[in-house]
Amino acid sequence: MGNWIINHGLTYFILVVWMAINIFIFVWFYFLYDLGDRFFYTRHLLGSALAWARAPAAVLNFNCLLILLPVCRNLLSLVRGSFVCCGRTMRKQLDKNISFHKLVAYMIGLMTAVHIIAHLLNVERSGIPNKLLAQVLVEVLYRPRGHTPNLLVFTTIAGITGVIITLALILMITSSMEVIRRSYFEVFWFTHHLFIVFFAGLVIHGAGRIVRSQTNANPPYNITFCKDHIEDWGKKKMCPVPQFAGGFPQTWMWVIGPMVLYVCERLLRFIRYIQAVKYRKIVIRPSKVLELQLVKNGFKMDVGQYVFLNCPAISQLEWHPFTMTSAPEEDFFSVHIRSVGDWTQKLISIVEQLPEGAQGPKFSWSNISALLSCFMGVDGPFGTASEDVFDYEVAMLVGAGIGVTPFASILKSIWYKFKDSNPKLRTRKIYFYWLCRETHAFEWFADLLQVLEREMEERGMGDFLTYKLYLTGWDQSHATHVMVHADADTDVVTGLKQKTNYGRPNWDKEFEQVCQENPTSVVGTFLCGPVVLATVLSKKCVKYTDVDPRKTKFYFNKENF
């Protein structure tokens, strides 16, 4: 339990607080509408469905306030920089922004379903005649007697906007499913922008003031007496004819702040988009990996950060995230892009036709058409968990396939720090693991490892970097080739002195080795790879973290886009 608290305690504490706020808001508004005197006649007409409709609406307001904040990347980068003085555990929470965004979306979907079902019951129940209903019909009813529920839905502001935002929400949630997002990214990307329709409809939704409450009377209305003496309404001073009014719309007050922040976010992205970008070098690797070196005025990065790339020639609205493989010390920034889909394949075919040194046109309203056809738009950089790698005494870097890209940036930066004898380098040991299915995938990164290997030896720091490469897929011809050259001084796949391992790592053995070699250190474990591997490493960090603060502790960090 102590190990689990060290690695996940703050995350679950935040989730408990979020859930507690949701429960508090739901319960508070449920009893407000279920017990409040102002809603006595409305409640008598509609029953308990009134409270069941309004309580989820209040929870929706709270979660719609939150839903945009985790996707304001510039805001998160700013907050991450402001948390430098805070603990690494606090900064780690910012790396879970997408997970929290999804969780809030699930809550919005659930509360929307409850809200809709309760209002449908309200509409049906409002047509049930009774003696009291006849007296308050004009002021209280959602609709005049005889109107069908369908007519109410399609002739009122609340009904029309309710249908629109429900359809938008359904499309956004269903298109966000993993299978659709991975296989049909364009569908996910475009339908997710229905959030504009969703928020516009949400703000307008309450303007119809369809739920009404009794207004204050002077002298005060005696509900206890008057509810049983309908014949005295308007005749006795204490029982005037009830007056009703719709509640003031409040949703806009909840969401106006996040909406303004998000508009500022998008404006900043647009400004970055129109800034001229030069490409310095293009390399197409045999493993279908495109190396793109770009130059942009005023661009500053840190290790492990990522950018969003847009190619208007492919799609003017489609942006994709890529981790930068360059170091902050270099005068350019680079990305490595694996050809895995239509967008990346089209990008590779385009860059192969470009002359080296070309530049996208600078922005002006007179050449807007040229802007839309320029080669590349860049948005970023944005922070990730890997930024904190140099805050740890010991770091375990685990990359799977193209997931090695953030660690390329880190290892390059280490090389520059050693070259410049940077005294601020706190990290004293790095364990690097790279898992690949194909031998070609090792090609573009092997050169960097060779340079680091040679640099460490020359400085007498051969133990600073321990790297292990794992090939998880091979055929019989490759196995035969390896057996023939088994006695060679260098590896037949990478040319490195460290031989390639075949299969997958024994993580228990690796973590035990790290513990033995660093018995009193804080170890940062960083992963850029699949969820399955993340689950395994997260459990190992919990398992091998010692509750004793004087002994080895592991902190798990994962790249999220």
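Model, not experiment: these values are computed from the prediction. (Residues numbered from 1 in each chain as written. Predicted model: local features only at pLDDT ≥ 70, side-chain atom pairs only at ≥ 80, totals over all residues. Heavy atoms only, no water.)

Some points on the UniProt feature "transmembrane region" (unreviewed entry) in the protein
In step 1: Under the UniProt annotation, "transmembrane region" (unreviewed entry) lies at residues 12-31, 51-72, 100-121, 151-172 and 184-204.
In step 2: In this annotation, residues 12-31 is assigned 100% helix and 0% strand; the end-to-end C-alpha distance for the span is 28 Å.
In step 3: For residues 184-204, the end-to-end C-alpha separation is 32 Å, with 86% helix and 0% strand making up the annotated structure. (UniProt positions renumbered as here; feature names shortened; annotations may be inferred. Helix = DSSP H or I, 4+ residues; strand = E, 2+ residues; numbered from the N terminus.)

A short note on the packing of aromatic side chains
In step 1: Following the criterion strictly, the structure yields 21 aromatic pairs and no others.
In step 2: Between the aromatic rings of Y392 and F526, the centroid separation amounts to 5.6 Å while the plane-to-plane angle is 80 degrees, which identifies the pairing as edge-to-face. Note that Y392 is positioned in the loop between β8 (377-382) and β9 (394-400) and F526 in strand β13 (residues 522-528), a separation of 134 residues in sequence.
In step 3: A residue is classified by how much of its surface remains accessible, and Y392, at 0% relative accessible area, is buried.
In step 4: An angle of 70 degrees between the planes, with centres 6.5 Å apart, marks the rings of F407 and F432 as edge-to-face. Of this pair, F407 sits in helix α17 (residues 405-419) while F432 sits in strand β10 (residues 429-436), placing them 25 residues apart in sequence. Both residues of the pair, F407 and F432, belong to the buried class. (Phe/Tyr/Trp six-rings, centres within 6.5 Å; stacked < 30°, edge-to-face > 60°. Buried < 20%, exposed > 50% of the residue type's maximum accessible area, 1.4 Å probe, protein only.)

Let's talk about the packing of helix α3 (residues 49-66) against helix α14 (residues 251-274)
In step 1: One way to put it is that α3 packs onto α14 with a least axis distance of 8 Å and a crossing angle of 10 degrees. On the basis of the axis angle, α3 is roughly parallel to α14. Contacts between α3 and α14 involve N61, F62, C64 and L65 from the former and T251, W254, V255 and P258 from the latter.
In step 2: In the contact of α3 with α14, the residues fall into six nonpolar, two polar and no charged. (Axes fitted to C-alpha atoms, helices over the stretch in contact; angles between N-to-C directions. Parallel < 35°, antiparallel > 145°, perpendicular 65-115°, else oblique. Contact = heavy atoms within 4.5 Å. Nonpolar A, V, L, I, M, F, W, Y, C, P; charged D, E, K, R; others polar.)

Quick word on the pattern of salt bridges
In step 1: The final tally for this structure, using the stated rule, is eight salt bridges.
In step 2: Notably, a salt bridge pairs E178 with R181, separated by 2.9 Å at the nearest N-O pair. Remark: R181 and E178 occur in helix α10 (residues 178-183); sequence separation between them is three residues, near one turn of the helix.
In step 3: Residue E393 is joined to R428 by a salt bridge in which the shortest nitrogen-to-oxygen separation is 3.8 Å. Of this pair, E393 sits in the loop between β8 and β9 while R428 sits in the loop between α17 and β10, placing them 35 residues apart in sequence. (Salt bridge = Lys/Arg side-chain N within 4 Å of Asp/Glu carboxyl O.)

Considering the confidence of the model for the protein
In step 1: With 74% of its residues at a pLDDT of 70 or more, the protein shows a mean pLDDT of 77.
In step 2: Ignoring residues within four places in sequence, the model shows residues 357-374, a span with pLDDT below 50, making 26 contacts including any to other chains. (pLDDT = per-residue confidence, 0-100.)

Some words on the side chain of T191
In step 1: As for its position among the elements, T191 is in helix α11 (residues 185-192).
In step 2: Overall, the relative accessible area of 19% leaves T191 in the buried class.
In step 3: Within polar-contact distance, the side chain of T191 engages the side chain of S175 at 2.5 Å.
In step 4: Separated by 2.6 Å, the side chain of T191 and the backbone oxygen of V187 make a polar contact.
In step 5: Beyond its immediate stretch of four places on either side in the chain, T191 contacts L171, M172 and S175. (Polar contact = N/O pair within 3.5 Å; in protein donor to acceptor, adjacent residues only side chain to side chain.)

Considering the pairing of β13
In step 1: Of all seven residues in β13, seven are buried; the element is thus mostly enclosed.
In step 2: Burial of the side chains of β13 extends over both faces: V522, G524, F526 and C528 are buried on one face and V523, T525 and L527 on the other.
In step 3: In the sheet, β9 pairs with β13 via six bridges, with the strands oriented parallel. Residue pairing in the sheet places M396 in a bridge with T525 of β13.
In step 4: Across six bridges, the pairing between β13 and strand β14 (residues 553-558) is parallel. Residue pairing for β14: V522 is matched across the bridge by K553.
In step 5: Handedness of the β13-helix α21 (residues 531-544)-β14 crossover: right-handed. (Pairing = 2+ DSSP bridges. Right-handed = clockwise from strand over helix to strand, strands pointing away.)

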